[in-house]
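Single-letter residue listing:
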Amino acid sequence: MKAFLKKLASRKFLAAVAGFIAGLAMVFGLDESIVSSVAGAVVSIGSVVTYIITEGCIDAAAVGEAVQTVQETVGLLSTSEDGTDGETEETTAFEKEGE
C-alpha cells in the first residue's frame with residue numbers, strides 16, 4: 001500500500017496526470033492559457049507536498065535515532081561501577097519521601 005501511495009505522490013505521476021487532464025481539456029475546447037496554468041499549478045503543488053512529506057519522514061527518523069541515543073546514554077550513566085544501577089541509600093530514601 002505504501003508503495004502505491006508513494007507512486008501517487010511522485011512528480012512523474014503528477015506530471016502525467018496533469019498532461020492527461022490538459023489533453024482532455026484541449027479536446028473539449030478550454031483555452032490553452034487556462035490549461036497550462038492549471039497543469040503548472042498541479043505539478044507545483046504536488047512537488048511541494050512531496051517535499052514536505054519526505055522531509056517529515058527524514059525528521060521523524062532523526063528524532064527516533066536521537067531518542068535512542070539519549071536513552072542509551074542515560075542507561076550508561078545510571079549504571080555505576082559497582083553494578084548497583086546508580087541506586088544508593090540516599091536515592092532510595094529520596095524516592096520514598098516523594099511517594
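Structure first, text after, so check above.
Before going into details, it helps to say that this report is about the structure given with it.

## Topic: the environment of Val17
Part 1 of the argument: Along the polypeptide, Val17 turns up in helix H2 (residues 11-27).
Part 2 of the argument: The partly exposed category is assigned to Val17, whose relative accessible area is 29%.
Part 3 of the argument: A C-alpha to C-alpha distance of 9.1 Å links Val17 and Val43, two positions 26 residues apart in sequence.

## What about the environment of Ile21?
Part 1 of the argument: Among the structural elements, Ile21 can be located in helix H2.
Part 2 of the argument: Ile21 gets classed as partly exposed once you look at its relative accessible area, which sits at 46%.

## Structural notes on the environment of Leu8
Part 1 of the argument: Tracing the chain through its elements places Leu8 in helix H1 (residues 2-8).
Part 2 of the argument: Look at Leu8 and you get partly exposed, because its relative accessible area is 33%.
Part 3 of the argument: A sequence separation of 38 residues divides Leu8 from Gly46, and the C-alpha atoms of the two residues are 9.7 Å apart.
Part 4 of the argument: Contacts of Leu8, omitting those with residues within four sequence positions, involve Phe13 and Leu14.

## Here we look at the layout of surface pockets
Part 1 of the argument: Its boundaries defined by the atoms lining it, the largest pocket holds a volume of some 210 Å³.
Part 2 of the argument: Lys6, Ala9, Ser10, Thr50, Ile53, Thr54 and Cys57 together form the lining of the largest pocket.
Part 3 of the argument: Of all the elements, helix H3 (residues 32-78) adds the most residues to the lining of the largest pocket, at four residues.
Part 4 of the argument: For the lining of the largest pocket, a count of residues per class yields three nonpolar, three polar and one charged.

## Observations regarding H3
Part 1 of the argument: Under the 1.5 Å per step criterion, the end-to-end length of H3 is 69 Å for 47 residues, consistent within 8% with the ideal 69 Å.
Part 2 of the argument: Among the residues of H3, those classed as buried are Val35, Ala39 and Gly46.
Part 3 of the argument: Considering only its buried residues, H3 is in contact with H2.

## Side note on H2
Part 1 of the argument: With 17 residues, H2 extends 24 Å between its outermost C-alpha atoms, agreeing within 8% with the 24 Å of an ideal straight helix rising 1.5 Å per residue.
Part 2 of the argument: Buried within H2 are the following residues: Leu14, Ala18, Ala22 and Ala25. Each buried residue of H2 sits inside an arc of 75° when the element is viewed along its axis, so together they form one side. Along H2, exposed side chains directed more than 90 degrees from the buried face belong to Lys12, Phe20 and Val27.
Part 3 of the argument: At its buried positions, H2 is contacted by H1 and H3.
Part 4 of the argument: In the segment just after H2, Gly29 is the residue with positive phi, at about 90°.

Reading the values: the criteria
- By convention here, each chain's residues receive numbers from 1 onward along its written sequence.
- Per-residue local features of the predicted model are confined to residues with pLDDT of at least 70, and side-chain atom pairs are confined, for both listing and counting, to 80 or more; whole-chain, interface and lining totals are unaffected and use all residues.
- Excluding hydrogens and water, the side-chain values take into account all heavy atoms of the structure.
- Strands are runs of DSSP state E lasting at least 2 residues, helices are runs of H or I lasting at least 4, and numbering of each runs from the N terminus.
- The classification of residues rests on relative accessible area computed with a 1.4 Å probe and restricted to protein chains. Under 20% of the type maximum is buried, over 50% is exposed, and intermediate values are partly exposed.
- Note on contacts: a residue pair is in contact if any heavy atoms of the two residues lie within 4.5 Å.
- Note on definitions: the grid is 1 Å and covers protein atoms alone; a cavity is a set of points where a 1.4 Å probe fits but cannot get out; a pocket is an open set with protein on both sides within 12 Å along at least five of seven lines; lining residues have an atom within 4 Å of a point.
- Grid points are joined across faces, edges and corners, and a volume is the space filled by probe spheres set on the points.
- Any residue that is not Ala, Val, Leu, Ile, Met, Phe, Trp, Tyr, Cys, Pro, Asp, Glu, Lys or Arg is counted as polar, Gly included; the first ten are nonpolar and the last four charged.
- To estimate how far a helix should reach, multiply one less than its number of residues by 1.5 Å.
- When we speak of the arc, we mean the arc of directions from the helix axis to the C-beta atoms.

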